[in-house]
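Commentary on secondary and tertiary structure
What follows is each chain in one-letter form.
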Amino acid sequence: MRLSKSLIPTLKETPAEAQIVSHRLMLRAGMVRQMASGIYAWLPLGQRVLAKIAQIVREEQDAAGAEEVLMPTIQSADLWRESGRYDAYGKEMLRITDRHERELLFGPTNEEMITAIMRDSIKSYRELPQIPYHIQWKFRDEVRPRFGVLRGREFLMKDAYSFDLDREGAVVAYKKMMLAYMRTFQRIGITAIPMRADTGQIGGDLSHEFHVLAPTGESGVFYDAAFEAGDATSATDIEAFYEQMTTIYAATDEKHDLAAWDKIPAERKREGRGIEVGQIFYFGTKYSEAMNFAVTGPDGQKFFPEMGSYGIGVSRLVGAIIEAKHDEAGIIWPDAIAPFKAAILNLRQGDATTDALCEKIYASFGNEALYDDREERAGAKFAEADLLGHPWQIIIGPRGAVNGMVELKRRATGERFELPVEEALAKVRG
Ligand code: P5A
């Protein structure tokens, strides 16, 4: 994209309504605009990050054997009457009446809907196990929407649902999802800590939350340094990985177990703060039974499939990543989910040689570079590139351009390199 022609409405002033750094930076960088309390429009820069996170989430769900579907945002109240959650959900549910006086709602989650779909489609144990998932907008009428996209009312979630023959199978699905989650967060470029959690509204007897470490996180997190060193992408044995993740100690401040904490060697004890970006649940036959979803087993008898559900807050992740990765000057995007791989900064707009080199470099990136082609001072271009957080800045001025030389800046470290164009481009492409 050419900066002069794109919809990136950056702000010079710090917006007064934003209390937290990620919210301030998302507004200042022109990533989002609030349309109503807790409801955001995603502008090009924000949308690109959201799409890249969703794509990594998708690839890891697919790799874990889950299958993508797309369920609607609007659901029928009757579905929720079947599970008994229509009344229980209370004011957090946005209820809608259509022109025929039929009761609908904007889905806060999809356990009921997916169970109804499976009830229609799956008749025999031979068709199990299944893990359908989708990436879809949810609505929860939070009492206090705040911190921008971290606690919105409308938010993007990846939600997966597992259906198995028995508890053993369901627990295997649960462990697979834990590994998929750790791989997802590692690929995104953040450290996330899994810890035992309450099951709340969703119900069930086994649950983990995943917290991204960030100094501004809502909950205090106590953990073993082994989590930071873990490598989920190379883990192959699901059982061993789960065993490792659940025996290393981690807890939030509400659930602090002093006995377990004391067992961690002092040099491995870590205290930090965390933002919950995902939660997984095993809840057995809670929904299959309530909604009478029974299939025929190997013995000809009907049984209720064992279920779990698995959520990642895709839009919340955008804010959480910024909380974890920023400095005084702005955002520092991890390479994998940066809106652009690089910014191209033309320091002498209108100089034929400089313009030509910038255009050539820009063309070589397809849609993966943001070309700052504005008639602006160099200082303004540097500040804007730092604010928007591109992993690399390719800085091109008239003196270098005549010799085919550019300056490269790595946003995360501030390192600078003077390089011939081709070498610089090779470095950016990694
Ligand atoms: C699991 C998938 C569920 O809803 N049902 C389907 C289960 N779990 S959850 O923990 O309630 O939500 C999953 C993740 O969604 C994000 N999230 C939010 N993000 C932004 N704003 C909100 N108001 C909000 N509420 C939940 C969180 O990341 C959560 O872990």
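As shown above, the structure is provided for reference.
Here we summarise the structure given alongside this text. If you're wondering where the values come from, they're calculated on a predicted model, not measured in any experiment.

**With respect to the pairing of strand E23 (residues 416-420)**
As paired elements, strand E22 (residues 405-410) and E23 share five bridges and run antiparallel to each other. For Val406, the partnering residue across the bridge sits in E23 and is Leu419. Adjacent in sequence and paired antiparallel, E22 and E23 are bridged by five residues, among which Gly414 carries a positive phi angle near 80°.

**Topic: the site of the ligand**
Neighbouring the ligand are 23 residues, the closest being Thr109, Glu111, Arg140, Gly152 and Glu276. Between Gly152 and the ligand, the recorded distance is 2.8 Å, taken from a backbone N or O atom to a nitrogen atom. Gln279 has a polar side-chain atom sitting 3.3 Å from an oxygen atom of the ligand. For the ligand, whose free accessible area comes to 600 Å², the fraction covered by protein is 95%. When residues of the shell around the ligand are traced back to their parent elements, those giving at least two are strand E8 (154-164), strand E13 (269-284) and strand E16 (306-313). In terms of residue count, the dominant contributor to the shell around the ligand is E13 (five residues). Its residues assigned to classes, the shell around the ligand comprises nine nonpolar, seven polar and seven charged.

**A short note on the sheet that holds strand E5 (residues 94-97)**
Here we have three strands laid out as an open sheet, ordered E4-E6-E5, and antiparallel in their pairing. Only two strands of the sheet have a single partner each, and these edge strands are strand E4 (74-76) and E5. Ignoring strand direction, the axes of neighbouring strands in this sheet form an average angle of 40°.

**Focus on the nonpolar core**
Core analysis: the biggest nonpolar cluster contains 80 residues, and Met31, Ile53, Phe185, Leu317, Val318 and Trp333 have the highest contact counts within it. No other element matches helix H6 (residues 167-188), which puts 11 residues into this core. Contacts of Leu317, omitting those with residues within four sequence positions, involve Ile53, Phe185, Ile188, Ile190, Val212, Val277 and Ile312. The next biggest cluster of nonpolar side chains, apart from the first, holds 25 residues, and it includes Met71, Ala77, Met113 and Ala116.

**Here's the deal with the packing of aromatic side chains**
Scanning the model with the defined rule gives 13 aromatic pairs in all. An aromatic cluster is present here, built from Tyr174, Tyr242 and Tyr310 joined pairwise through their rings. Over the ring of Tyr86 we find Arg95; its NZ or CZ atom is 4.5 Å from the centre of that ring. For Lys427, the ring lying beneath its charged end belongs to Phe417, and the centroid distance is 4.4 Å.

**What about the pattern of salt bridges?**
Taken as a whole and judged by the stated rule, the model has 29 salt bridges. A salt bridge links Glu82 to Arg119, with the shortest nitrogen-to-oxygen separation between them at 2.7 Å. Residue Glu82 is found in helix H3 (residues 77-83), and its partner Arg119 is found in helix H5 (residues 111-121); the two are separated by 37 residues along the sequence. The partner of Arg411 in a salt bridge is Asp327, with the nearest N and O atoms 2.8 Å apart. Here the residue Arg411 occupies a position in the loop between E22 and E23, and Asp327 occupies one in strand E17 (residues 326-327), the gap between them amounting to 84 residues.

**Things to note about the sheet that holds strand E20 (residues 369-372)**
With respect to topology, five strands assemble into an open sheet ordered E20-E19-E21-E22-E23, the strand pairing being mixed. In this open sheet, the two edge strands, each paired with only one partner strand, are E20 and E23. In this sheet, adjacent strand axes meet at a mean angle of 25° when their direction is disregarded. Looking at chain direction, strand E21 (residues 392-396) and E22 are connected through four bridges and run antiparallel. When the sheet's bridge partners are listed, Gln393 is paired in E22 with Lys409. Here helix H12 (residues 352-364) sits on the sheet and contacts strand E19 (342-346), E20, E21 and E22; the angle it forms with E19, its principal contact strand, is near 170°. Docked against the sheet, helix H15 (residues 421-429) engages E19, E21, E22 and E23, running at close to 130° with respect to E23.

Basis of the calculations
- Residues numbered from 1 in each chain as written.
- Predicted model: local features only at pLDDT ≥ 70, side-chain atom pairs only at ≥ 80, totals over all residues.
- Heavy atoms only, no water.
- Pairing = 2+ DSSP bridges.
- Helix = DSSP H or I, 4+ residues; strand = E, 2+ residues; numbered from the N terminus.
- Near = heavy atom within 4 Å.
- Polar contact = N/O pair within 3.5 Å; in protein donor to acceptor, adjacent residues only side chain to side chain.
- Areas by Shrake-Rupley, 256 points an atom, 1.4 Å probe, with all protein chains shown as cover.
- Nonpolar A, V, L, I, M, F, W, Y, C, P; charged D, E, K, R; others polar.
- Axes fitted to C-alpha atoms, helices over the stretch in contact; angles between N-to-C directions.
- Core = buried A, V, L, I, M, F, W, Y, C linked by side-chain atoms within 4.5 Å.
- Buried < 20%, exposed > 50% of the residue type's maximum accessible area, 1.4 Å probe, protein only.
- Contact = heavy atoms within 4.5 Å.
- Phe/Tyr/Trp six-rings, centres within 6.5 Å; stacked < 30°, edge-to-face > 60°.
- Lys NZ or Arg CZ within 6 Å of the ring centre and 35° of its normal.
- Salt bridge = Lys/Arg side-chain N within 4 Å of Asp/Glu carboxyl O.

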